[in-house]
Amino acid sequence: AEALQRLREVFDIEELPPDVLPRKKPPQFMVDLFNKVADANGITRAPGLLQGDVVRSFEDRVHVDHHHFYFDISAMEKGEQMLKAEFRVFKLKRTHRSRRSDMQHFCKVEVYELLESENKPHKKHLIASRLLSLYTEGWEVFNVTQTVSKWVGNSSSNHGFWITATHVSNHEMEHNVVTFAKSQSALQESRNALLVLFTNSNKRRSHSFKQTLPNLMPHVFLKTLLSRPRAAAAAAARSPLAACHRRELYVDFHAIGWSGWIIYPSGYNAFYCRGSCIFPLGESLNATNHATVQSIVYTLKLSQDVSMPCCVPDELKSLNLLYFDDKQNVVLKNYKDMVATRCGCH
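About the cut-offs
- Residues numbered from 1 in each chain as written.
- Predicted model: local features only at pLDDT ≥ 70, side-chain atom pairs only at ≥ 80, totals over all residues.
- Heavy atoms only, no water.
- UniProt positions renumbered as here; feature names shortened; annotations may be inferred.
- Pairing = 2+ DSSP bridges.
- Helix = DSSP H or I, 4+ residues; strand = E, 2+ residues; numbered from the N terminus.
- Axes fitted to C-alpha atoms, helices over the stretch in contact; angles between N-to-C directions.
- Contact = heavy atoms within 4.5 Å.
- Phe/Tyr/Trp six-rings, centres within 6.5 Å; stacked < 30°, edge-to-face > 60°.
- Buried < 20%, exposed > 50% of the residue type's maximum accessible area, 1.4 Å probe, protein only.
- Lys NZ or Arg CZ within 6 Å of the ring centre and 35° of its normal.
- Disulfide = S-S within 2.5 Å.

- Looking at an unreviewed UniProt entry, one finds the chain named BMP7 protein, with Vidua chalybeata as its source organism.
- The UniProt entry for the chain carries the following text under Sequence similarities (unreviewed entry): "Belongs to the TGF-beta family."

In structure tokens, the structure reads:
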């Protein structure tokens, strides 16, 4: 229990989300974003691919009105810094073509912030406007950072967005010429509108665990989470200590009861470092000059108080998790310094 509590601290989880299996399908945008920034094991492909360290997606909660889109963003954490907000909506193509020769093939789409609740006369503020083709379909992305920043500071001001689509010909103005997808059927679930927030958690996760992580993984994770037969572990303990090197340490989210809310990955290899740092220290041991001197003093027994240098991670990569929060919003979060990619004597 104590080990799992420490694991929750590492992953910055105050309360475990409920087991949401059988669960709804996550938005394809979030799955694609995870695959862009991480490999199949959740390891970050390259730094700088993600803006901030948290991406939160909120699905539209209005299922009837094709103009009104509302997102409950109350899952935002205190102190979380919003960097960018995107309103993503799927425009459906117009099914019938006009026979009129003066009919233009474009419509004007406008996105408004609703300033009052839905049951009042619609007071609204224009956020964005663009021309779109009537006869094509696809995702439209609107930058709504300024508006959502206001909602984060004052949740009561969040009444959602309102979209209009008008068409101007030589003779008249036509309204509602195109519609935007709503999650009314299984077919359209993947086209449901999304509000996507890119944020910084501003939690000192990396700093507070950086020094404890090398010790935490071998001693806590190894005993509680590593799916390695006990006989093999005992045999390794009896064998002569090899030179410092990296060993596998697989963290299985199913084994610890987290598979119900974590979408990807199903687990990951954290790795750990084990072995001796006895002089002479080869280049492969990535030893510091200080560790080299310490190993010489230890080997020559020049001081009884000096121990052998430690075999620890000297290069770490970040891990990405795609998961459901306690309100079933899909979140992509990046955790720094979670995977040992290289070991050395220090």
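The structure having been displayed, the exposition proceeds.
## Things to note about the sheet that holds strand β12 (residues 262-264)
Point 1. On the basis of which strands lie adjacent, the open sheet formed by 7 strands has the order β6-β3-β9-β1-β16-β15-β12 and antiparallel pairing. The open sheet has two free edges, formed respectively by β6 (138-143) and β12, since each of these has just one partner strand. Across the sheet, the axes of successive neighbouring strands diverge by a mean angle of 30°, strand direction being ignored.
Point 2. With 6 bridges joining them, strand β3 (residues 81-91) and β6 adopt antiparallel strand pairing. Considered in β6, the bridge of Arg88 is made with Val141.
Point 3. Packing of helix α2 (residues 28-37) onto the sheet brings it into contact with β1 (54-59), β3, β9 (194-200), β12, β15 (311-324) and β16 (330-345), and relative to β16 it is tilted by some 15°.

## Remarks on the packing of aromatic side chains
In this description, an aromatic ring pair is defined by two values, namely the gap between the centres and the angle between the planes.
Point 1. All told, the structure shown has 12 aromatic pairs when counted by the stated rule.
Point 2. Ring geometry for Phe87 and Phe142: centres 6.3 Å apart, planes at 35°, overall tilted. Taken together, the positions of Phe87 in strand β3 and Phe142 in strand β6 put the pair 55 residues apart, joining distant regions of the chain. Considered together, Phe87 and Phe142 belong to a single accessibility category, that of buried residues.
Point 3. Measuring from centroid to centroid gives 5.5 Å for Trp261 and Tyr323, while their planes differ by 90°, and the two rings are edge-to-face. With Trp261 in the loop between β11 (250-252) and β12 and Tyr323 in strand β15, this residue pair connects regions lying 62 residues apart in the sequence. In terms of burial, Trp261 and Tyr323 fall into one category: buried.
Point 4. Within the aromatic cluster, the residues linked to one another by ring pairs are Phe69, Phe71, Phe87, Phe142, Trp151 and Phe161.
Point 5. The ring centre of Phe198 lies 4.8 Å from the NZ or CZ of Lys84, which sits over that ring.

## Topic: the state of the cysteines
Point 1. Within this structure, the stated rule accounts for 2 disulfides.
Point 2. Two residues, Cys244 and Cys311, share a disulfide whose sulfurs are 2.1 Å apart. Judged by the sign of its S-S torsion, about 75°, the bond between Cys244 and Cys311 is right-handed. Linking Cys244 in the loop between α6 (230-238) and β10 (245-247) with Cys311 in strand β15, this pair joins segments that are 67 residues apart in sequence.
Point 3. Put simply, Cys273 and Cys343 are joined by a disulfide, and their sulfur atoms are 2.0 Å apart. On the S-S bond that ties Cys273 to Cys343, the torsion sits near -85°, and the link is left-handed. Of this pair, Cys273 sits in strand β14 (residues 272-274) while Cys343 sits in strand β16; the two residues are 70 residues apart in sequence, bridging distant segments of the chain. We note that Cys273, like Cys343, is buried.

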